[in-house]
Amino acid sequence: MSDGLPSGDLLAGLAGPSTEPLASGAVLLRGFAADEAAALLEAIGRIAAQAPFRHLVTPGGFRMSVAMTNCGAVGWISDRRGYRYGADDPETGKPWPAMPPLFRGLAGRAAREAGFPGFEPEACLINRYEPGARLTLHQDRDEGNLSHPIVSVSLGVPATFLFGGLDRKDKPRRFRVDHGDVAVWGGPSRLAFHGVDALKQGHHDLTGQLRYNLTFRKAL
Ligand code: SIN
Ligand code: FE2
C-alpha cells in the first residue's frame, strides 16, 4: 500500500541533478544535460545532414552495430587499417562539421563538475543506437593525451552502461543511463574498460526508439 510519500525516483527528479560515483575519478552526473537535451538533439540532426551516420568496420572486419559520426576538429574513425583520429570525414572527404559551442560548453562544465577543470575537447564522437545495438567493453586509448577525462552524454532511450576496471577481466558494474545523464571518467579511471549493453526496445518522445551518445575527448 502507498504511504502517500513520493517514490525515491520522484524525489530524485524533484531534487534536480545529482552525482553518483562510478569509481575513483569517475562519476555519473544525473540529469546534468537535461535542460539542453532537446537542443543537443537538434544539433545532432544538423551535423548528421553534413556527415551522415554510418556503421564503421573494426580492424578485424566486423561491422559495428552502433552507427557513428563526429563533429569537431578531428573525428574518431575505425576501418581495416585500425582506429585513429582524422580531420576529414572519409565518407565525404570534407572536414568534420564544427563542434557547436553548446557541445563545447556542456563538456567543459560537466568535466569541471567532476573535478577536471580546463577540459577543451577537439573531438566529439556521436553514437546512435537502435534496438539491439551494443558496444563491447573497450578502453578509450586512441587519444594523444590521457591526462584529460572522457565526457559522455546520454540522450533518448535509456541504456545500461557497463563500467569496469583497468583489466578487461574486471567484472563491470552496471548503471542505467537516462536522457540527460552525463558520465565523466578520468585520472585513475581514464583507461577503465566500459561498454553499453544491447539497447532494449523503448520509446523516447524526442528520439523514438533510438539512443544517442556524445563522447567528448581531448584527442590531440
Ligand atoms: C563510448 O564508449 O564511446 C560510448 C558510451 C555510450 O554510448 O554510453
Ligand atoms: Fe568508449
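That block above? That's the structure.
Now for a description of the structure that goes with this document. Predicted, not measured: the structure shown is a model, and the values here were computed from it. (Residues numbered from 1 in each chain as written. Chains lettered and ligands numbered in written order. Predicted model: local features only at pLDDT ≥ 70, side-chain atom pairs only at ≥ 80, totals over all residues. Heavy atoms only, no water.)

1. Structural notes on the site of ligand 1
Just so we agree on the cut-off: Any residue with a heavy atom positioned within 4 Å of a molecule or strand is treated as near that molecule or strand. Polar contact is defined as a pair of N or O atoms within 3.5 Å, subject to the rule that within protein one atom must be able to donate a hydrogen and the other to accept it, and that residues adjacent in sequence are counted only when both atoms are side-chain atoms. Methods summary: accessible areas were calculated by the Shrake-Rupley approach with a probe of 1.4 Å, and residue burial reflects only the protein chains presented.
All residues adjacent to ligand 1 are Asn-127, Tyr-129, Leu-135, His-138, Ser-152, His-194, Val-196, Arg-211, Asn-213, Thr-215 and Arg-217. Side-chain polar atom of His-194 to an oxygen atom of ligand 1: 3.0 Å apart, as the coordinates give it. Arg-211 is positioned with one of its side-chain polar atoms (N or O) 2.9 Å from an oxygen atom of ligand 1. Relative to its free-state accessible area of 260 Å², ligand 1 is covered by the protein chains to the extent of 98%.

2. Considering the packing of helix α2 (residues 37-50) against helix α3 (residues 101-113)
The test is simple: Only the contacting stretch of a helix is used when fitting its axis, a line to C-alpha atoms as for every element, and angles between N-to-C directions run 0 to 180 degrees. By the criteria applied, helices consist of DSSP H or I runs no shorter than four residues and strands consist of E runs no shorter than two, each listed in order from the N terminus. Throughout, the term roughly parallel applies to angles under 35 degrees, roughly antiparallel to angles over 145, roughly perpendicular to angles from 65 to 115, and oblique to all others. Two helices cross in a left-handed way if the nearer one is turned anticlockwise from the farther one by less than a right angle. They cross in a right-handed way if the turn is clockwise. Contacts are assigned to residue pairs that have any heavy atoms within 4.5 Å of one another. Classes in brief: Ala, Val, Leu, Ile, Met, Phe, Trp, Tyr, Cys and Pro nonpolar; Asp, Glu, Lys and Arg charged; the others, Gly included, polar.
Put simply, α2 and α3 touch, their axes get as near as 10 Å, and they point 130 degrees apart. In terms of axis orientation, α2 runs oblique to α3. Taken as a pair, α2 and α3 cross one another with a handedness that is left-handed. Counted together, Ala-39, Leu-40, Ala-43, Ile-44 and Ile-47 of α2 and Leu-102, Phe-103 and Leu-106 of α3 form the full contact between these two elements. Tallied by class, the residues present in the contact of α2 with α3 amount to eight nonpolar, no polar and no charged.

3. Here's the deal with the coordination of the iron ion (ligand 2)
Going by this rule: Here the term donor refers to an N, O or S atom within 2.8 Å of the metal (or 3.2 Å for Na, K and Ca), and because water is left out of the atoms, sites may appear incomplete. A four-donor site is classed as tetrahedral when every donor-metal-donor angle falls between 85 and 135 degrees; four donors are called square planar, and six octahedral, when trans pairs exceed 155 degrees and all remaining angles lie between 65 and 115, with any other arrangement labelled irregular. The cut-offs for exposure are 20% and 50% of the maximum accessible area for each residue type, with area from a 1.4 Å probe on protein chains only; residues under the lower value are buried, those over the upper are exposed, and the others partly exposed.
Surrounding the iron ion (ligand 2) are the protein donor atoms His-138 (NE2), Asp-140 (OD) and His-194 (NE2), which sit 2.1 to 2.2 Å from the metal. Taken together, the four donor atoms surrounding the iron ion (ligand 2) define angles of 88 to 175 degrees at the centre, an arrangement classified as irregular. Read N to C, the donor residues that coordinate the iron ion (ligand 2) are spaced as H-x1-D-x53-H. Taken as a pair, His-138 in strand β7 (residues 135-138) and His-194 in strand β12 (residues 194-196) lie far apart in primary sequence, 56 residues in all. Owing to a relative accessible area of 21%, His-138 belongs among the partly exposed residues under this scheme.

4. A short note on the sheet that holds strand β10 (residues 173-177)
Under the convention used in this document: The criterion for strand pairing is that DSSP finds at least two bridges linking the strands in question.
The sheet built from four strands is open, its strands ordered β7-β12-β9-β10 with antiparallel pairing. Both outer strands of the open sheet, β7 and β10, are each paired with one neighbouring strand and no more. Between one strand axis and the next, the sheet turns through 20 degrees on average, direction left out of account. Where strand β9 (residues 159-163) meets β10, five bridges bridge the pair, whose relative direction is antiparallel. Opposite Leu-162, over in β10, you have Arg-174 as the bridge partner.

5. Things to note about the sheet that holds strand β2 (residues 26-30)
On the basis of which strands lie adjacent, the open sheet formed by seven strands has the order β1-β2-β11-β8-β13-β6-β3 and antiparallel pairing. The two strands at the open ends of the sheet, each matched to only one other strand, are β1 (18-23) and β3 (67-72). Taken pair by pair, the neighbouring strands of this sheet meet at an average axis angle of 20 degrees, ignoring direction. Both β2 and strand β11 (residues 182-185) contribute to a ladder of four bridges, which runs antiparallel. Looking at β11, one finds that Ala-26 is bridged to Trp-185. In the packing of α2 onto the sheet, contacts are made with β3, β6 (123-129), β8 (150-156) and β13 (211-217), and the angle to β8 comes to roughly 95 degrees. Strands in contact with α3 are β1, β2, β3, β6, β8, β11 and β13; relative to β8, the strand with the most contacts, it is inclined by about 115 degrees.

6. Considerations on the nonpolar core
Side chains that are nonpolar tend, in soluble globular proteins, to be buried together. Applicable threshold: Throughout, nonpolar core names a set of buried Ala, Val, Leu, Ile, Met, Phe, Trp, Tyr and Cys residues whose side chains join them through atoms within 4.5 Å.
Judged by nonpolar contacts, the single largest core of 34 residues is most densely connected at Phe-103, Leu-214 and Phe-216. The greatest single-element share of this core, amounting to seven residues, is contributed by α2. Counting 28 residues, the second-largest nonpolar core is a separate cluster that includes Leu-28, Ala-159, Val-177 and Leu-199.

7. Focus: the pairing of β2
Burial of β2 is extensive: five of the five residues sit out of reach of the surface. By the alternation rule, side chains of β2 split into Ala-26, Leu-28 and Arg-30 and Val-27 and Leu-29, which are all buried. Relative to β2, β1 is paired through five bridges, and the arrangement is antiparallel. Within the sheet, the bridge partner assigned to Glu-20 lies in β2 and is Leu-28. The antiparallel hairpin formed by β1 and β2 contains two residues in its connecting segment, where Gly-25 sits at a positive phi of about 85 degrees.

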